[in-house]
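Residue-level structural notes
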Amino acid sequence: MTDLRGKALASIAIVVCSMLLGALYTLAMGEDVNWDWQNYHEYNVWALLNGRYDIDAVPPGFQTYFNPIVYFPVYYLRHFLPSPYGLMIIGAIHGLNLALVCLFARLVLREAATVAAVAAAVVIAAFGPMTLSEVGTSFSDVLLALPVIGGFLLILVADRRPVVRYLLAGLLIGAAVGLKLTNVVYAIGAAAAVLAAARPLRATILLALGGIIGAALTGGEWCLITWRDTGNPIFPLFNAVFQSGEVAAVNLMDAQFMPHGVLDALAYPFYWLVGDHRGAEHPFRDARFAFVTVLFVLGVFARIARGAAILTRRDVQLVVMFGVSYLAWLGLFSIQRYAVVLELLCGPLIVLLLARLAAGAGPTWPAASPSPPNALMLTVGAAIALWSQPADWWRRPWSETYRPEIADELAQPATYFILGKPLAYIAPQLPSQSRFYQLADIGVPIVPGGIFDQRIRAGLKDPLPGGVRELHMRGEPDRSTLLDRYALTIDRSRPCVAIEGARPGTVLESCPLIERTSR
């Protein structure tokens with residue numbers, strides 16, 4: 001009984017400490033004002049709550065119809081609790097990933113799960129550059145890592161109660177996919193891993209069934225709404241398949257970070273090692289994927305040299321799960337933020353490979369060294385943590401939280417033409433009867449005669465008290481020619497109005513518009 005009580009208290013302490021670390025890190029870093037929050041995390045939730053999807057014309061552009069459900073928690077916490085407490089709660093929830101990685105490492109390592117080994121895995125996970133950069137922010141990658149890693153863990157321990165665990169694993173991973181489609185890479189990795197299960201056909205069917213239910217629960221309704229509004233359930237993605245008339249019939253993909261050939265792809269972990277930040281817009285440095293690559297190659301050589309396996313079936317499942325997910329991520333996106341799950345799992349995987357390589361070395365491993373090699377694991381963990389440099393997606397000091405003052409000239413509801421991104425976050429700050437029309441998005445340009453074009457023209461025929469204005473970021477290229485389609489131009493006889501931007505040092509400007517023919 002005493003032993004059980006001690007284990008329970010230890011588990012509670014790990015959870016509390018993980019959450020506390022996430023909250024304190026958020027407090028130390030400041031208020032999140034990342035690009036995606038400015039573009040669509042804030043707007044999409046506000047739009048859904050206020051019926052804006054039938055009024056505005058894609059203010060965030062390409063991302064307008066991304067599932068907003070996952071952003072509701074941070075929206076409510078940010079708006080209904082005083083700063084910094086709302087985002088600190090989100091940071092605490094993000095911190096739960098460390099407790100989950102701790103459990104993951106213990107169950108995967110089994111007999112090799114010494115305190116030092118588990119600690120090394122957690123330290124490696126805690127200092128992931130993308131993980132740290134997302135703690136306490138509106139990004140959903142680190143939040144959805146919780147169900148994905150939970151699903152992965154259930155697959156690895158599914159030998160006992162396999163029906164329940166495979167179904168639940170599918171449900172968790174499917175739910176993550178329904179909330180954010182980029183998590184499909186982990187569904188692919190999970191599907192590959194169950195092929196190494198004791199009964200692969202049963203495992204595959206159960207995992208798929210759970211995945212379908214999970215995705216339908218979290219994303220089904222939104223897909224139906226999007227399909228009704230645009231003719232494409234995942235608008236604007238895969239439009240070559242769904243043929244919505246509101247965007248070109250092509251499969252839109254963000255390919256800016258993808259490798260150029262096989263050799264370039266193989267080199268990615270080593271680019272990140274030296275600070276070459278392909279995979280992200282902002283600089284970061286990361287050694288963990290290079291360590292995984294080197295240890296995997298050493299494991300292959302050890303397997304050949306010994307003529308016998310050094311990994312258990314469960315180990316193989318983890319390696320397959322990780323490797324296939326990574327290859328799917330590399331082939332589909334290569335966007336570093338979408339690899340947060342892999343970044344977190346590098347910790348347990350590195351420690352596992354070190355432990356198995358040490359055990360496989362047998363008599364060649366120094367007799368005086370512990371097995372597993374605790375000192376080596378801690379050294380590797382510390383080196384990776386110290387070398388890591390997180391990306392910076394923009395934050396503000398808590399003493400300067402974003403509360404823009406809106407000038408009197410903008411006090412009346414108006415029609416706003418948005419000539420850049422990310423600007424949609426300012427919409428909730430302006431009079432609620434205003435309308436917002438995006439003209440500058442490359443991925444989803446306004447199609448002549450389409451529903452958004454018709455909405456814009458109908459809005460112009462029903463003027464608002466504040467008139468017609470444009471919105472742009474000061475210092476950005478002039479895009480006023482986009483107004484030509486609607487026979488509008490900037491009224492140079494009246495001044496533009498400045499609004500403080502969310503990112504420190506930025507300014508939004510709104511200039512009045514007039515009909516071109518009236519000049």
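Computed from a predicted structure; not experimentally measured. (Residues numbered from 1 in each chain as written. Predicted model: local features only at pLDDT ≥ 70, side-chain atom pairs only at ≥ 80, totals over all residues. Heavy atoms only, no water.)

1. Remarks on the pattern of salt bridges
Side chains carrying opposite charge are able to pair once their charged atoms draw close together. The criterion, for reference: Salt bridge criterion: a side-chain nitrogen from Lys or Arg within 4 Å of a carboxyl oxygen from Asp or Glu. A helix here means a DSSP run of H or I that spans at least four residues, while a strand means a run of E at least two residues long, and both kinds are numbered starting from the N terminus. Exposure classes here rest on a 1.4 Å probe applied to the protein chains alone. A residue is buried below 20% of its type maximum, exposed above 50%, and partly exposed in between.
Tallied over the entire structure, the rule returns 21 salt bridges. Between Arg516 and Asp484 there is a salt bridge, with the nearest N and O atoms lying 2.6 Å from each other. Within this pair, whereas Arg516 is found in the segment after strand E8 (507–515), its partner Asp484 is found in the loop between strand E5 (468–473) and strand E6 (488–490), the two being separated by 32 residues in sequence. We classify Asp484 as partly exposed; its relative accessible area is 38%. Here Asp491 makes a salt bridge to Arg494, at a shortest N to O gap of 2.9 Å. By relative accessible area, which is 42% here, Arg494 ends up partly exposed.

2. Re helix H15 (residues 340–361)
Selection criterion: Helix span, expected: 1.5 Å multiplied by one less than the number of residues in the helix. Throughout, the bend at a residue refers to the angle made by two axes, fitted to the seven residues ending there and to the seven starting there.
Taking 1.5 Å as the rise per residue, H15 with 22 residues should run 32 Å; its terminal C-alpha atoms sit 32 Å apart, in good agreement. Its axis deflected by about 35° at Cys346, H15 carries its strongest bend there, up to four residues before the proline Pro348. Counting buried residues in H15 gives 19 out of 22 residues, a clear majority hidden from the surface.

3. What about the packing of aromatic side chains?
Let me state the cut-off plainly: Centres within 6.5 Å are what make two rings of Phe, Tyr or Trp a pair, Trp counting through its six-membered ring; a difference in plane orientation under 30 degrees is then read as stacked, over 60 as edge-to-face, and the rest as tilted.
Summed over the entire model, instances satisfying the criterion amount to 25 aromatic pairs. Relative to Trp46, the ring of Tyr43 lies with its centre 5.7 Å away and its plane at 55°, an arrangement referred to as tilted. Of this pair, Tyr43 and Trp46 are both found in helix H2 (residues 35–49), three residues apart, which corresponds to roughly one turn of the helix. Classification of Trp46 as buried rests on a relative accessible area of 8%.

4. Some details on the pairing of strand E7 (residues 497–500)
Here is the rule: When DSSP finds at least two bridges between two strands, those strands are taken to pair.
Burial along E7 is one-sided: the residues Val497 and Ile499 are buried and none of Ala498 and Glu500 is. Here E7 pairs with E8 via four bridges, running antiparallel. Each bridged residue has a counterpart across the sheet, and for Ile499 the counterpart in E8 is Leu508. Taking the residues between adjacent antiparallel strands as the criterion, E7 and E8 are bridged by six residues, where Gly505 takes a positive phi near 90°.

5. Details of the state of the cysteines
Operational definition: Any two cysteine sulfur atoms lying within 2.5 Å of each other are counted as a disulfide.
What the rule picks out here adds up to one disulfide. Paired through a disulfide, Cys496 and Cys511 show a sulfur-sulfur distance of 1.9 Å. Taking the sign of the S-S torsion, 105° for the link of Cys496 and Cys511, the bridge is right-handed. One end of the pair, Cys496, is in the loop between E6 and E7; the other, Cys511, is in strand E8, and 15 residues separate them in sequence. Looking at Cys496, the relative accessible area reads 37%, which means it is partly exposed. Classification of Cys511 by relative accessible area gives buried; the value is 3%. Left unpaired, Cys102 is separated from the closest cysteine sulfur, that of Cys17, by 11 Å.

6. Considerations on the pairing of strand E4 (residues 435–438)
Where a strand is regular, its side chains alternate between the two sheet faces. Where burial is concerned, the two faces of E4 agree: the one with Arg435 and Tyr437 and the one with Phe436 and Gln438 are both buried. Examined bridge by bridge, strand E3 (residues 415–418) and E4 share four bridges and lie parallel to one another. Looking at E4, one finds that Thr415 is bridged to Arg435.

7. Observations regarding the environment of Ala249
Here Ala249 is to be found in the loop between helix H11 (239–242) and helix H12 (262–273). Taking C-alpha positions, Ala249 is 8.1 Å from Phe238, a pair spaced 11 residues apart along the chain.

8. Section: the packing of H15 against helix H16 (residues 374–387)
Rule in force here: Lines fitted to C-alpha atoms define the axes here, with helix axes fitted over just the stretch in contact, and angles between the N-to-C directions of these axes take values from 0 to 180 degrees. An angle below 35 degrees is treated as roughly parallel, one above 145 as roughly antiparallel, one from 65 to 115 as roughly perpendicular, and anything else as oblique. Each helix crossing is assigned a hand: it is left-handed if the near helix lies turned anticlockwise from the far helix by less than a right angle, otherwise right-handed if that turn is clockwise. What makes two residues a contact is simply this: any of their non-hydrogen atoms within 4.5 Å.
Closest axis-to-axis distance for the H15/H16 pair is 10 Å, and the angle between their directions is 150°. With respect to H16, the element H15 is oriented roughly antiparallel. The crossing of H15 and H16 is right-handed. Where H15 abuts H16, its residues Ile350, Val351, Leu354 and Ala355 lie against Leu376, Met377, Val380 and Ile384.

9. Remarks on H12
Among the residues making up H12, those that are buried are Asp264, Ala265, Ala267, Tyr268, Pro269 and Trp272. Those residues of H12 that are buried lie in contact with helix H13 (288–306) and helix H14 (313–332). Once H12 finishes, Gly275 follows within two positions and takes phi at roughly 90°, a positive value.

10. A word on the side chain of Asn97
With respect to the helices and strands, the residue Asn97 is situated in helix H4 (residues 85–109). You can call Asn97 buried: its relative accessible area is 1%. For Asn97, the residues in contact, after removing those within four places along its chain, are Val142, Ala145, Leu146, Ile149 and Leu344.

11. Looking at the nonpolar core
For clarity, the cut-off: The criterion is simple. A nonpolar core is a set of buried Ala, Val, Leu, Ile, Met, Phe, Trp, Tyr and Cys residues joined through side-chain atoms within 4.5 Å.
In this structure, Phe104, Phe152, Ile155, Trp329, Ile350 and Phe417 are the most contacted members of the largest nonpolar core, which totals 140 residues. Looking at this core, the element that brings in the most residues is H15, giving 14 residues. Judged by nonpolar contacts, the second largest core, of five residues, contains Val74, Leu77, Ile90 and Trp398.

12. Some words on unusual backbone geometry
Residue Pro236 is reached from Phe235 by a cis peptide bond, and omega for that bond is 5°. Secondary-structure assignment places Pro236 in the loop between helix H10 (200–230) and H11. Following Lys421, the chain continues into Pro422 via a peptide bond in cis, with omega recorded as 0°. Relative to the helices and strands, Pro422 is located in the loop between E3 and E4. Even without being a glycine, Arg110 presents a positive backbone phi close to 50°. Position of Arg110 relative to the elements: it lies in the loop between H4 and helix H5 (115–126). Not every positive phi belongs to a glycine, and Gln243 is a case in point at roughly 60°. With respect to the secondary-structure elements, Gln243 resides in the loop between H11 and H12.

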